[in-house]
Amino acid sequence: EAGVAQSPRYKIIEKRQSVAFWCNPISGHATLYWYQQILGQGPKLLIQFQNNGVVDDSQLPKDRFSAERLKGVDSTLKIQPAKLEDSAVYLCASTRTEGYNEQFFGPGTRLTVL
Amino acid sequence: AQKITQTQPGMFVQEKEAVTLDCTYDTSDQSYGLFWYKQPSSGEMIFLIYQGSYDEQNATEGRYSLNFQKARKSANLVISASQLGDSAMYFCAMRELLQGAQKLVFGQGTRLTINP
């Protein structure tokens, strides 16, 4: 079974530019999560999808961050415009159903904003 | 809101020794779940072990065991016979239920270094 795929693995941009990250969850996994992990901290949930619907986006900075999962499979997370404090690793995770099942994480995208 | 505390920023252990990573939590929920994840330098989060609040026995997975003390609200990870490949960041996390949605709340992590 293929794992959670993310691209790109690394991205360097200047502040005020825009950037997009892509995630393809494990086949059949209905729930998809995007996390932000700032250096030296644990991951923080940004947004959670159940199929193509948003379940929780309470910690997503909606003035600059957006995410979609149009067909209930892969997902994109966008930042526009980026700020210096957005430098972090962005992790995507998925589970079969919403529950206490362990979340399977992708390798992450390391974003550096200069 | 739920909270996870990991008080050890870094741990150094000799190869083959056992190591305990501390985790305390705060919640008013009766039903909750606790997870441990490993994050090597490659960045991927690897699930290690899960403990449900109603589980009567401590969870075990190979060399990993969870020392669950409900009254003290602690869920320490024990790694037996440590190996060089165990060097990584370790995160404790709690499943939080909010408005019908379940999400994980992570602690700050502990960096474990295994010395040969």
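Computed from a predicted model, the values in this text were never measured in an experiment.

The rules we used
Residues numbered from 1 in each chain as written. Chains lettered and ligands numbered in written order. Predicted model: local features only at pLDDT ≥ 70, side-chain atom pairs only at ≥ 80, totals over all residues. Heavy atoms only, no water. Contact = heavy atoms within 4.5 Å. Buried area = accessible area lost by both parts, 1.4 Å probe. Salt bridge = Lys/Arg side-chain N within 4 Å of Asp/Glu carboxyl O. Polar contact = N/O pair within 3.5 Å; in protein donor to acceptor, adjacent residues only side chain to side chain. Nonpolar A, V, L, I, M, F, W, Y, C, P; charged D, E, K, R; others polar. Buried < 20%, exposed > 50% of the residue type's maximum accessible area, 1.4 Å probe, protein only. Helix = DSSP H or I, 4+ residues; strand = E, 2+ residues; numbered from the N terminus. Pairing = 2+ DSSP bridges.

Enquirer: Which residues make up the interface of chain A and chain B, and what values go with them?
Expert: The interface is formed by 24 residues belonging to chain A together with 19 residues belonging to chain B. Roughly 1700 Å² is buried in total at the junction of chain A and chain B, and carbon and sulfur atoms are behind 53% of that figure. Our enumeration of links across chain A and chain B arrives at one salt bridge. Measuring nitrogen to oxygen at the nearest pair gives 3.6 Å for the salt bridge that ties K103(B) to D56(A). Between the two partners, chain A and chain B, sit three residue pairs in polar contact (both at pLDDT 80 or more). The residue makeup of the side of chain A that touches chain B, split by class, is nine nonpolar, 11 polar and four charged.

Enquirer: Got a sec to walk through the pairing of strand β6 (residues 46–52) of chain B? Specific residues and values, please.
Expert: All names here are of chain B. For β6, a buried count of five out of seven residues is recorded, marking the element as mostly surrounded by other parts of the structure. Bridge count for strand β5 (residues 33–39) against β6 is six bridges, and the pairing is antiparallel. The residue of β6 that forms the bridge with G33 is G52. Hairpin geometry of β5 and β6 is characterised by an intervening segment of six residues between the two adjacent antiparallel strands and by a positive phi of about 100 degrees at G43.

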